[in-house]
Amino acid sequence: MLSVAFIGLGSIGRPMAKRIAAAGFPLTVWNRTTARAEVFASEHQVRVASSAADAASAGDVVITCLSTSTDVEQVLDAGMLGGLKSSATLLDCTSGDPATSRRIATRLAAKEIGFVDAPVSGGVKGAETGTLTVMCGGAVADLERVRPVIEAFGKTIVHCGPVGAGDAVKAMNQALLALTIWGTGEALVALARLGVSADVALQVINASSGRSNASMNLFPERVLTRAFPRTFRLALMDKDARIAAQIARDEKVPAPLTQLVADLCSLAHKQLGEEADHVEAVKVIEQWAGAEIR
């Protein structure tokens, strides 16, 4: 059985690693906050590495699940690169950017180490239930080698293309998510000013062509209730939308809506702070309009 090293035990990484341990893979974990790794190891009877290099040396498959591709490069440069075995594959589940992933893959190829960018979608709940969608970029042979590990936490595993393709699909998906949240928020706030309740508006929208995951799930469960559970930070949606806008610019594709929503996400992130949930972006629309979605 493949041995696995997992680096990055954040809100998504922790339940992913838990499922890998439950599937029986020999698992070593490392986190930049050591206490988090120690607690996880105690709960799941797995090994804690003393460093990123120590973790990397223990894995046939080394999984990184960090905030940005820059974080992955920093961990590589801090010792992980030297710890990776020549037969290993780095499975990067970070929602990263294609250009950095290609640069990392080139560095690893010089040491005969495989690389697959494999960002995930489905949130904490999907990670906990093993139903994540995993968007993979890289060689088919590398993906097939690590597929048994991905199957521990992913239900829908899609080979999107060469290195960077997984990152690109994830970024564009997130930009679409941001567009539907912002657009639904604008529509419901405008209707609120006219005296139309959000319940009535969503009843019509969700039976009509304007429906989306935002209108069908996020707004009824989070906005109308004013619960705003913090499952995915607005700061990360901001980062993903900016990656999507950069991809469009790099590929010389006119994308005014993508650029606009990236700018709006950055504005909302700056206004609401680092810990705000992505759906809380609607609060900015409400503040501008002086009306609340209820």
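Above: the structure in question.
As the structure is a prediction and not an experimental result, all values here were calculated from the model.

The rules behind the values
Residues numbered from 1 in each chain as written. Predicted model: local features only at pLDDT ≥ 70, side-chain atom pairs only at ≥ 80, totals over all residues. Heavy atoms only, no water. Axes fitted to C-alpha atoms, helices over the stretch in contact; angles between N-to-C directions. Helix = DSSP H or I, 4+ residues; strand = E, 2+ residues; numbered from the N terminus. Parallel < 35°, antiparallel > 145°, perpendicular 65-115°, else oblique. Left-handed = near helix turned anticlockwise from the far one by under 90°. Contact = heavy atoms within 4.5 Å. Nonpolar A, V, L, I, M, F, W, Y, C, P; charged D, E, K, R; others polar. Buried < 20%, exposed > 50% of the residue type's maximum accessible area, 1.4 Å probe, protein only. Pairing = 2+ DSSP bridges. Right-handed = clockwise from strand over helix to strand, strands pointing away. 1 Å grid on protein atoms, 1.4 Å probe; cavity = no way out; pocket = protein on both sides within 12 Å on 5 of 7 lines; lining within 4 Å. Points joined across faces, edges and corners; volume = space filled by probe spheres on them.

A. Up close: the packing of helix α8 (residues 165-193) against helix α11 (residues 234-250). Running from N to C, α8 and α11 cross one another at 115 degrees; their axes reach a closest spacing of 8 Å. By the angle between their directions, the pair α8 and α11 is classed as roughly perpendicular. You can see that α8 and α11 cross each other, and the crossing is left-handed. The segment α8 lies against α11, with Ala 168, Ala 171, Met 172, Gln 174, Ala 175, Leu 177, Ala 178 and Ile 181 engaging Met 237, Asp 240, Ile 243, Ala 244, Ile 247 and Ala 248. For the contact of α8 with α11, the residue count by class is twelve nonpolar, one polar and one charged.

B. Inspection of the pairing of strand β4 (residues 61-64) at higher detail. Residues Val 61 and Ile 63 of β4 are buried on one face, and the alternating residues Val 62 and Thr 64, pointing to the opposite face, are buried as well. By the bridge criterion, four bridges tie strand β1 (residues 4-7) to β4 in an arrangement that is parallel. What sits directly across from Val 4, in β4, is Val 61. The sheet contact formed by β4 and strand β5 (residues 89-92) spans four bridges and is parallel. Residue Thr 64 lies in a different strand from β5, and its bridge partner there is Asp 92. Since β4 and β5 lie parallel, the crossover through helix α4 (residues 69-83) that links them has a hand, and here it is right-handed.

C. How the structure looks around the layout of surface pockets. Counted as a void, the largest pocket has a volume near 1400 Å³. If you go around the largest pocket, you meet 45 residues; those closest to its centre are Ile 12, Gly 123, Val 124, Thr 231 and Phe 232. For the lining of the largest pocket, the element with the highest residue contribution is α8, accounting for six residues. Its residues placed into classes, the lining of the largest pocket shows 14 nonpolar, 20 polar and eleven charged. In terms of lining residues, the second largest pocket is bounded by 13 residues, among which Pro 98, Ala 99, Arg 102, Ile 247 and Asp 250 are the most central. For the lining of the second largest pocket, the secondary structure elements donating two or more residues are α5 (98-109), α8 and α11. Of the residues forming the lining of the second largest pocket, the biggest block, four residues, is contributed by α11.

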